[in-house]
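# A look at the structure
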Amino acid sequence: MRPLIAGNWKMNCRTDEAAVLARGIAAGATSVASFADLLVCPPATQLCAVARLLAGTPVAVGGQDCSNAPRGAHTGDIAADMLSDCGATYVIVGHSERRASHGETDEIVREKAVAALTAGLVPIVCVGETAEQRAAGQETEAVGWQLIGSLPKPFPGIVAYEPIWAIGSGRPCGAEDVTQMHAFIREELMRQFGPESGRAVPILYGGSVKSDNAAGLLSLPEVGGALVGGASLDAASFLAIAAAVPKRAATS
Ligand code: PGA
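First things first, this report covers the structure right here in the doc. (Residues numbered from 1 in each chain as written. Predicted model: local features only at pLDDT ≥ 70, side-chain atom pairs only at ≥ 80, totals over all residues. Heavy atoms only, no water.)

## Quick word on the state of the cysteines
Rules: Disulfides are defined in this document as cysteine sulfur pairs within 2.5 Å. For the purposes of this entry, the term helix denotes a DSSP run of H or I that reaches at least four residues, the term strand denotes a run of E that reaches at least two, and both are numbered from the N terminus. Exposed residues in this analysis have more than 50% of their type's maximum accessible area, buried residues have under 20%, and partly exposed residues fall in between, with area computed by a 1.4 Å probe over protein chains only.
Under the criterion given, the structure shown has one disulfide. Bridging cysteine 48 to cysteine 86, the disulfide has an S-S length of 1.9 Å. Here the disulfide of cysteine 48 and cysteine 86 is left-handed, its torsion about the S-S bond being about -50°. Of this pair, cysteine 48 sits in helix 2 (residues 44-54) while cysteine 86 sits in helix 3 (residues 80-86), and the two are 38 residues apart along the sequence. You can call cysteine 48 partly exposed: its relative accessible area is 29%. The structure places no disulfide on cysteine 13, whose sulfur is separated from the nearest cysteine sulfur, that of cysteine 41, by 12 Å. The class of cysteine 13 is buried, set by a relative accessible area of 17%. For cysteine 41, which is in no disulfide, the shortest distance to another cysteine sulfur is to cysteine 126 and amounts to 9.4 Å.

Take a look at the structure:
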């Protein structure tokens with residue numbers, strides 16, 4: 001399985017900035033594309049333009065969210081097939097920022113993942129514990145319930161483990177804790193979907209991944225790539241993260 005380095009641009013980039021960033025990533029993409037898959041998730045207003053710009057390059061494009069409904073009276077929402085119509089092949093669902101500020105429950109996230117799959121998109125389902133849950137020693141329990149509630153059956157998608165306290169903090173989860181949580185997620189995926197399907201789901205790590213800590217995080221067992229926020233807004237640092245993919249992981 002090739003590692004996936006995914007950039008979540010969040011609510012950043014007007015047209016000119018998005019074009020500069022996409023062009024910068026495309027310019028360096030070929031050198032890393034032999035050992036890593038690259039994905040950028042621009043804001044919805046830039047998705048079509050960025051997808052057009054990146055067509056024919058090794059960089060895929062994804063949405064940051066999709067509706068759980070296929071069509072209809074959902075002001076402000078975007079259906080999964082509208083994202084694919086723009087050129088998206090992936091979509092992030094259940095990011096903690098959406099769970100927190102848009103009241104997205106596990107059930108809604110699961111419905112969004114189903115909508116994504118129905119539209120032919122690969123869903124990247126985010127899970128992760130709060131600082132309070134970790135302090136109380138409840139991190140595996142919290143993530144376990146999110147996995148049970150948020151993943152549809154079958155699940156030919158991707159899981160992103162993003163401890164909420166690590167996002168945007170500049171303080172990634174420690175190596176030991178990442179190793180432990182990714183092992184737990186793998187176990188849980190195999191329990192839910194059976195050994196073969198459970199083993200096939202890539203598990204990304206997200207939360208303050210930067211060019212100077214990427215090599216360490218990406219070399220940990222069961223880390224199948226990274227979901228990158230802040231550092232994905234600079235082409236050089238995003239490409240440096242991709243370049244830090246351990247080459248042994250690329251061939252396994
Ligand atoms: P960060 O964000 O890399 O800025 O911590 C990660 C994310 O929210 O996906």
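## Considering the nonpolar core
Inclusion rule: What we call a nonpolar core is a set of buried Ala, Val, Leu, Ile, Met, Phe, Trp, Tyr and Cys residues that are connected through their side-chain atoms within 4.5 Å.
Residues Ile5, Val159 and Ile185 are the most contacted members of the largest nonpolar core, which totals 66 residues. Element by element, the count of residues in this core is highest for helix 1 (residues 15-32), at seven residues. Residues Leu4, Leu39, Tyr90 and Ala160 belong to the second largest nonpolar core, which totals 13 residues.

## Some thoughts on the pairing of strand 5 (residues 122-127)
Going by this rule: At least two bridges found by DSSP between two strands are what make those strands a pair.
Among the six residues that make up strand 5, five are buried, leaving the element largely enclosed by the rest of the structure. Examined bridge by bridge, strand 4 (residues 90-93) and strand 5 share four bridges and lie parallel to one another. Across the sheet, tyrosine 90 pairs through a bridge with valine 122, a residue of strand 5. Both strand 5 and strand 6 (residues 158-161) contribute to a ladder of four bridges, which runs parallel. Looking across to strand 6, one finds that valine 125 is bridged to valine 159.

Treat this as a map of the structure, not an account of what it does.
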